[in-house]
Each structure stands twice: as C-alpha cells, then as structure tokens.
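Each chain, written out:
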Amino acid sequence: MPEITQADLALLAFAREVKSKAYAPYSDFRVGAAVFAGGEIFQGVNVENAAYGSGICAERAAAMAAVTAGFTDFDAIAVVGDSESPTVPCGACRQFLAEFNPDLRVIMGGRTDAVMVMTLEELLPEAFVRGYLDQDDGGDE
Ligand code: THU
C-alpha cells in the first residue's frame with residue numbers, strides 16, 4: 001500500500017465535503033468522490049434512481065465531470081462513503097477508471113478517520129484496456 005501523503009488527504013477532503021450532496025433515497029448510503037486531473041479537482045456523488053440499475057456511483061460521476069471538462073489523464077481519485085471502514089470502488093467503477101489510468105492512485109475513506117490508499121492496478125489487476133482491442137486482427141472468429 002502506498003504511503004499516505006498530504007495531497008491524498010486534501011483530495012479526500014473534497015470527496016468528504018461533497019458527499020452530503022449524494023442523492024441516495026433508496027440505499028441511504030451516501031458517497032462522494034473527487035478526481036484529480038490536469039491540476040484540477042472534479043467532484044461527484046452517487047445518484048440513485050427509482051429504476052435501481054439506472055443509478056450511478058460517485059466515482060463514475062466524478063470521472064464524467066473530469067472528462068466533460070476536457071481532462072482524460074487522471075492522477076488520483078478519492079472516495080468517501082458512509083461505511084465504517086474505507087469505502088472501496090465497486091467493480092464497474094474500477095473498470096471504468098482503468099480506461100483513464102490503469103495505475104490510478106485511489107484514496108479511500110469512510111465514517112472514521114481510517115484512510116486506505118491503493119493503486120487501481122492493485123484493486124483491479126489485469127484490467128481489460130484498449131490494448132486488447134488493438135490486438136484484434138480484423139477476422140470474425
Ligand atoms: N456506491 C458508490 O457510489 N460508490 C461505491 O464505491 C460503492 C457504492 C453507491 C451506489 C449506490 O448508490 C449506493 O452506493 C449503495 O450501493
């Protein structure tokens with residue numbers, strides 16, 4: 001596990017601060033996220049939906065905000081959820097984030113002061129990335 005830096009804690013504070021904006025009437029589990037990309041910070045929250053599967057996680061919401069602003073080169077993401085132990089990104093978010101940096105720094109927090117820092121490579125080894133599509137020889141089998 002990488003050492004926790006002051007920059008990690010600063011990014012975590014942005015995730016913690018935005019968590020209250022989560023729209024989570026069904027699970028009541030609020031999550032905030034903050035992506036650091038291009039020297040800027042992009043926040044996101046989980047947004048649930050009456051059609052449960054149509055909701056989105058905070059990590060993907062933050063990533064969408066960064067991409068929408070023109071930043072696809074992510075350095076780090078922080079996530080804070082309502083769990084006692086640090087909230088980890090779900091599998092779909094790990095895959096989504098691998099698109100932008102398979103070695104992304106992931107800073108995780110929960111309801112306590114406990115902080116966990118891992119790389120996305122540690123959370124999702126052998127991610128399916130663009131390089132696999134490039135290995136397609138154009139054949140149909
Ligand atoms: N959720 C996130 O936003 N990020 C995570 O890392 C874990 C789960 C959301 C999805 C759903 O709105 C709620 O938390 C409960 O699963």
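Given the structure is predicted, the values throughout are model-derived calculations rather than measurements.

Caption draft 1: Structural context of a nonpolar patch on the surface. A surface patch of nonpolar side chains, about 460 Å² in accessible area, is lined by Y23, Y26, V47 and Y52. Overall, V47 belongs to the partly exposed group, its relative accessible area being 36%.

Caption draft 2: Structural context of the site of the ligand. Taken together, S27, F29, V31, N46, E48, C57, A58, E59, T87, V88, P89 and C90 are the residues near the ligand. One of the side-chain N or O atoms of N46 is found 3.0 Å from an oxygen atom in the ligand. E59 places a side-chain nitrogen or oxygen 2.6 Å from an oxygen atom of the ligand. With the chains in place, 76% of the 370 Å² that the ligand exposes on its own is no longer accessible. Across the shell around the ligand, the residue classes break down as 7 nonpolar, 3 polar and 2 charged.

Caption draft 3: Layout of helix α3 (residues 91–98). Buried residues of α3: C93, R94, L97 and A98, and no others. Here the buried residues of α3 occupy an arc of 140 degrees about the axis, which is enough to place them on one side. Where the residues of α3 are buried, they touch α2 (58–68), β3 (74–81) and α4 (120–123).

Caption draft 4: Looking closely at the pattern of salt bridges. Going through the model one piece at a time under the given rule, you end up with 2 salt bridges. For the salt bridge of D8 with R105, the shortest nitrogen-to-oxygen distance reads 2.8 Å. Note that D8 is positioned in helix α1 (residues 6–18) and R105 in strand β4 (residues 105–109), a separation of 97 residues in sequence. By relative accessible area, which is 23% here, R105 ends up partly exposed. The closest approach of N and O atoms between K19 and D82, which form a salt bridge, is 2.5 Å.

Caption draft 5: Examining the packing of aromatic side chains more closely. One pass over the structure, following the stated rule, counts 5 aromatic pairs. Aromatic pair F42 and F71: ring centres 5.4 Å apart, planes at 40 degrees, arrangement tilted. One end of the pair, F42, is in strand β2 (residues 40–45); the other, F71, is in the loop between α2 and β3, and 29 residues separate them in sequence. A relative accessible area of 9% places F42 in the buried class. Under the relative-accessibility criterion, F71 is labelled partly exposed at 23%. Aromatic pair F74 and F100: ring centres 4.8 Å apart, planes at 25 degrees, arrangement stacked. Of this pair, F74 sits in strand β3 while F100 sits in the loop between α3 and β4, placing them 26 residues apart in sequence. Residue classification places F100 among the buried positions, given a relative accessible area of 19%. An aromatic cluster is present here, built from F74, F96 and F100 joined pairwise through their rings.

Caption draft 6: Just the side chain of S83, in detail. Relative to the assigned elements, S83 resides in the loop between β3 and α3. Side chain to side chain, S83 and T87 meet in a polar contact 2.6 Å long. Not counting chain neighbours up to four residues away, the residues in contact with S83 comprise F29, G110 and R111.

The rules behind these values
Residues numbered from 1 in each chain as written. Predicted model: local features only at pLDDT ≥ 70, side-chain atom pairs only at ≥ 80, totals over all residues. Heavy atoms only, no water. Patch = residues over 30% accessible without salt bridge, like charges linked within 9 Å, V, L, I, M, F, W, Y side chains within 5 Å. Areas by Shrake-Rupley, 256 points an atom, 1.4 Å probe, with all protein chains shown as cover. Salt bridge = Lys/Arg side-chain N within 4 Å of Asp/Glu carboxyl O. Buried < 20%, exposed > 50% of the residue type's maximum accessible area, 1.4 Å probe, protein only. Near = heavy atom within 4 Å. Polar contact = N/O pair within 3.5 Å; in protein donor to acceptor, adjacent residues only side chain to side chain. Nonpolar A, V, L, I, M, F, W, Y, C, P; charged D, E, K, R; others polar. Helix = DSSP H or I, 4+ residues; strand = E, 2+ residues; numbered from the N terminus. Arc of directions from axis to C-beta. Contact = heavy atoms within 4.5 Å. Phe/Tyr/Trp six-rings, centres within 6.5 Å; stacked < 30°, edge-to-face > 60°.

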